[in-house]
Amino acid sequence: MKDLAYLDAGSGSLIVQAVVGGVAGVAVAAKLYWRRLTSRFRKQPSEQD
Amino acid sequence: MVPPSSAPATSTTPETDLRPDPGSFRDPANRVLHADGQILRGLGPRAAEDWQALVGTEFFPRLIAEGKICGTEALEPQAVPASQAGQWSTVLRHERIPFVSYPYEWSFAMLRDAALLHLEILRTAVPAGFTTKDGSAYNLQWRGVEPVFIDIGSFEPARDGEPWAGYRQFCQTMLYPLLLQAHLGLDFQPWLRSRIDGLEAGQLRKLFDGTRRFRAGVLKHVHLHDAMQNRFAGASTGAVREQLKDAGFSRELVLATLRAIDKLVRRLDWQPPQSHWSDYRETCTYSDADREQKEEFVATALTEAGRPGLVLDLGANDGTYSRLAARHADYVVAVESDPAVVDQLYRRLSAEGERRILPLVMDLADPSPGGGWRGVERASFAARADADAVLALAVVHHLAIGRNVPLPEILDWLVGLMPTAGGDGRLVVEFVHPDDPMAVRLLANKPAGIFPDYHRDEFERLLAQRCTIVRRTELASGTRTLYVGTPRDRG
């Protein structure tokens, strides 16, 4: 795991910055969203609890 | 409390008084210390490495030279106080800020300028490969009306592909209070004063419902931000950082984000409403003769016993007497309860480039209390005040009649703001007689006879108990008396 800062930056607060940054950022946020979504489908069968 | 460790007696400087700053504990990598009137900062091994990298940059010394970052130098090992030797890898010494103030004592334009400075520093640091770990309004202080960035421990090398870790804190302590005032006209000071970590997106979202959500900056920084916080509440920031990096988050994107925030903050403005305080001087009862007499009295009081270091001008209004005091003292803190009046004063002083008057918003009947952890993370106003002179012009009647504060209490408080000045301290206080039109107006709203002790002889008797009265003058109008007193040694 990466070393984290003393301050909890907030996951949502990190992601929203991409959108604030304009068009390029929105693309990054969309890509992140897509990857999180697809990885969930991929992992689902082995991670049910 | 951890007792200071016994340290080697050689090659260090012994100190008589050393205490860690009670407001500096959140980042364990470094800590601010007070030693014999000096402001020091101890750095752990990692922070010391960051410091070495920081002083080697082009931007850091330049921003110090421009006055935007507080003056800082590393202490030679032999100058480190004995009790701290061995505890820190490096000890820094900071320039002293003349009077520590907090964002809940600043006006709108002050908070905005402080926010813009924070962004400017970050936008200068990022291209050089640095970032700040946080984004708090408490990273900033003032030299007069010039904001200055003080949290040297906040700088660290940036990791490529990561957004700014301080964004949420920046929103909570700076952007949201500004949105609140610019868009809704609500004074932000009470919100910041009651919440050390600032306003939360979820709280603000409730205030910006309906069409208000379309005001500048609100949709993204408040609504979307809150939705994202809720949506990703369970996701670890470490994992999200990795994912953002993989998705292509770049340093250019960090800069684009900062540019967008900067542009938004510059757009936010608040025009003070027409307040009766704004034209107080025009409508109040002073004649020109009274005013001249009063100015001369105050000037003499400040000059006759040597130049005062710190003057507190309580109830400063448009700053007339703060300006006068600044001609005879090193630094003046102009305290006024009306945020609109303070904002106007700040903008005027700022335009003039005045660096020795700090205007602050504070109700004298409700002075800033201690706050945060154990009530000492942020010091109370009284704990920060160590003045050489206090001006209390046209305020006693507001406290005594308007707010029912007993006269002995008022005088105790005023004298208590000069805890170390002793016989060199000066209290310049105006007593407004009960028959003065201003007092009459205030008394009209109270039951007859409620303040039997509110008269000049009693005030003078109480003042003489606490101060040696050096001089008194009755103004030409005959309804106001000015006093200058030096605090008695009450030890």
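Residues numbered from 1 in each chain as written. Chains lettered and ligands numbered in written order. Predicted model: local features only at pLDDT ≥ 70, side-chain atom pairs only at ≥ 80, totals over all residues.

As annotated in an unreviewed UniProt entry, chain B is Methyltransferase from Plantactinospora alkalitolerans.

Novice: Which parts of the structure should I look at to understand the overall build of chain B?
Specialist: Each helix and strand in chain B was counted, giving 18 helices and 16 strands. Computed over its C-alpha atoms, the radius of gyration of chain B comes to 25 Å, within 12% of the 23 Å expected for a compact globule of 491 residues. Counting only C-alpha atoms and orienting by the principal axes, one finds that chain B spans roughly 75 × 70 × 40 Å. In chain B, the proportion of contacts linking residues at least 24 apart, taken out of those at least 6 apart, comes to 69%. (Helix = DSSP H or I, 4+ residues; strand = E, 2+ residues; numbered from the N terminus. Rg over C-alpha atoms; globule rule 2.2 N^0.38 Å. Contact = placed C-beta atoms within 7 Å.)

Novice: Any chance you could explain the overall build of chain A here in plain terms?
Specialist: The number of helices and strands found in chain A is two helices and zero strands. Every one of the 49 residues in chain A was classed for burial, and the buried ones make up 35%. (Buried ≥ 20, exposed ≤ 12 C-beta atoms within 10 Å, placed from the backbone.)

Novice: I would appreciate a short explanation of the packing of helix H3 (residues 108–125) of chain B against helix H9 (residues 251–267) of chain B in the present structure.
Specialist: Axes are the key here: two packed helices are described by the angle between their axes and the distance separating the axes. Residue and element names in this part refer to chain B. Running from N to C, H3 and H9 point in directions that differ by 160°, and their axes come no closer than 10 Å. Comparing the axis directions of H3 and H9 gives the class roughly antiparallel. Relative to H9, H3 is oriented so that their crossing is left-handed. Two secondary-structure elements touch here, H3 through Arg-112, Ala-115, Leu-116, Leu-119, Leu-122 and Arg-123 and H9 through Leu-255, Leu-258, Ile-261, Asp-262 and Val-265. In terms of residue class, the contact of H3 with H9 is made up of eight nonpolar, no polar and three charged. (Axes fitted to C-alpha atoms, helices over the stretch in contact; angles between N-to-C directions. Parallel < 35°, antiparallel > 145°, perpendicular 65-115°, else oblique. Left-handed = near helix turned anticlockwise from the far one by under 90°. Nonpolar A, V, L, I, M, F, W, Y, C, P; charged D, E, K, R; others polar.)

Novice: Can you walk me through the pairing of strand S2 (residues 30–35) of chain B in this structure?
Specialist: Strand residues, when the strand is regular, have side chains that alternate between the two faces of the sheet. Residues and elements named next belong to chain B. Pairing between strand S1 (residues 18–20) and S2: three bridges, direction antiparallel. Bridge pairing links Arg-19 to His-34 in S2. As paired strands, S2 and strand S3 (residues 38–43) are joined by six bridges and run antiparallel to one another. Across the sheet, His-34 pairs through a bridge with Ile-39, a residue of S3. Counted between consecutive antiparallel strands, the loop separating S2 from S3 contains two residues, among which Asp-36 sits at a positive phi close to 50°. (Pairing = 2+ DSSP bridges.)

Novice: How should the domain arrangement of chain B be read in this particular structure?
Specialist: Put simply, an interface is often sized by how much accessible area is lost when its parts join up. Residues and elements named next belong to chain B. Structurally, chain B comprises domain 1 (20–94), domain 2 (103–267) and domain 3 (280–487). Look at where the C-alpha atoms of domain 2 and domain 3 centre, and you get two points 36 Å apart. The partner domain 3 presents 21 residues to the 16 residues of domain 2 that form the contact. Elements represented by at least two residues in the side of domain 2 that touches domain 3 include exactly H3, strand S7 (140–143) and helix H5 (189–194). Of the residues in the side of domain 2 that touches domain 3, the class split is eight nonpolar, three polar and five charged. (Domains from an automatic or database assignment.)

Novice: What should I look at first to understand the sheet that holds strand S12 (residues 357–361) of chain B in this one?
Specialist: Picture the strands of a sheet paired through backbone hydrogen bonds; they go either parallel or antiparallel. All names here are of chain B. One open sheet holds the seven strands; their spatial order is S12-S11-S10-S13-S14-S16-S15, and the pairing between them is mixed. The strands lining the two open edges of the sheet, one partner per strand, are S12 and strand S15 (467–474). Ignoring strand direction, the axes of neighbouring strands in this sheet form an average angle of 20°. Pairing geometry for strand S13 (residues 389–392) and strand S14 (residues 426–432), over four bridges, is parallel. Note that in S14 the partner of Val-390 across the bridge is Leu-427. This element, helix H13 (residues 339–352), spans strand S11 (331–336) and S12 of the sheet and lies at about 160° to S12. Helix H16 (residues 407–416) rests against S13, S14, S15 and strand S16 (480–487) of the sheet, and its axis sits at about 155° to S14.

Novice: Honestly, the sheet that holds S1 of chain B in this entry has me stumped. Any pointers?
Specialist: Residues and elements named next belong to chain B. With antiparallel pairing, the five strands of this open sheet are ordered in space as S1-S2-S3-S5-S4. Every interior strand has two partners, whereas the edge strands, S1 and strand S4 (72–74), have only one. The sheet shows a mean angle of 30° between the axes of neighbouring strands, direction not considered. Sitting on the sheet, helix H1 (residues 45–55) is in contact with S2, S3 and strand S5 (90–94), with an inclination near 110° to S3.

Novice: How do you make sense of the pairing of S15 of chain B when you look at a structure like this?
Specialist: Residue and element names in this part refer to chain B. Sheet topology note: the S15/S16 ladder contains seven bridges and is antiparallel. Counterpart to Thr-473 in the pairing with S16 is Leu-482. Turn length for the S15-S16 hairpin, with the two strands adjacent in sequence and antiparallel, is five residues, and the turn residue Gly-478 shows positive phi of about 80°.

Novice: Just to check I follow, could you spell out the confidence of the model for chain B for this structure?
Specialist: It should be kept in mind that the predicted coordinates are not to be read in detail where pLDDT is low. All names here are of chain B. For chain B, the average pLDDT comes to 92, and 94% of its residues sit at 70 or higher. Every residue in residues 1–11 is under pLDDT 50, and counting partners more than four places away or in other chains gives 13 contacts. Model confidence for the complex is summarised by a pTM of 0.93, with the ipTM given as 0.86. (pLDDT = per-residue confidence, 0-100.)

Novice: Is there a simple way to explain the UniProt feature "transmembrane region" (unreviewed entry) in chain A in this structure?
Specialist: Per the UniProt record, "transmembrane region" (unreviewed entry) is annotated on residues 12–34 of chain A. The span residues 12–34 of chain A shows a helical share of 91% and a strand share of 0%, and its end C-alpha atoms are spaced 16 Å apart. (UniProt positions renumbered as here; feature names shortened; annotations may be inferred.)

Novice: In this structure, what is going on with the nonpolar core? I would like to understand it.
Specialist: Buried together is how nonpolar side chains tend to be arranged in soluble globular proteins. With 153 residues, the main nonpolar core has Ile-15 of chain A together with Leu-312, Ala-387, Val-390 and Leu-391 of chain B as its most contacted residues. Ignoring anything within four residues of it in the chain, the contact list for Leu-312 of chain B reads Val-333, Val-335, Ala-385, Ala-387, Val-390, Leu-391 and Leu-417 of chain B. (Core = buried A, V, L, I, M, F, W, Y, C linked by C-beta atoms within 7 Å.)

Novice: Even after reading the chapter, I still don't get the environment of Thr-303 of chain B, so can you show me in this structure?
Specialist: As for its position among the elements, Thr-303 of chain B is in helix H11 (residues 288–303). Residues Thr-303 of chain B and Ala-325 of chain B lie 22 residues apart in sequence; the distance between their C-alpha atoms is 9.4 Å.

Novice: Whenever I open this one, the interface of chain B and chain A confuses me. Can you help?
Specialist: Of the residues lining the interface, 35 residues belong to chain B; the matching set on chain A comes to 28 residues. Of all the secondary-structure elements, those providing two or more residues to the side of chain B that touches chain A are helix H4 (167–184), helix H7 (218–231), helix H8 (237–246) and H9 of chain B. Looking at the side of chain B that touches chain A residue by residue, the classes come out as 18 nonpolar, nine polar and eight charged.

Novice: Got a minute to help me understand H8 of chain B in this structure?
Specialist: Think of an α-helix as 3.6 residues a turn; residues three or four steps apart then line up on the same face. All names here are of chain B. All of the buried residues along H8 are Thr-237, Val-240, Arg-241, Gln-243 and Leu-244. The buried residues of H8 occupy an angular sector of 165° when projected down its axis, which confines them to one face. Following H8 by one or two positions, Gly-248 adopts a phi angle in the positive range, close to 105°. (Arc of directions from axis to C-beta.)

Novice: Help me understand H16 of chain B, please; the structure alone is not making it clear to me.
Specialist: Residue and element names in this part refer to chain B. Residues of H16 that are buried: Leu-407, Ile-410, Leu-411, Leu-414 and Val-415. Along H16, the residues classed as buried sweep out an arc of 125° about the axis, all on the same side. Here the buried face of H16 lies against S13, helix H15 (396–402), S14, helix H18 (456–466), S15 and S16.

Novice: Would you take a moment to explain the packing of H3 of chain B against H4 of chain B for this structure?
Specialist: All names here are of chain B. Orientation of H3 relative to H4, taken along the N-to-C sense of each, is 140°, at an axis distance of 10 Å. Taken together, the axis directions place H3 and H4 in an arrangement best described as oblique. As H3 packs across H4, the resulting crossing turns out to be left-handed. Counting all contacts with H3, which are made through Phe-108, Leu-111, Arg-112, Ala-115 and His-118, the residues of H4 involved are Phe-170, Met-174, Leu-175, Pro-177, Leu-178 and Gln-181.

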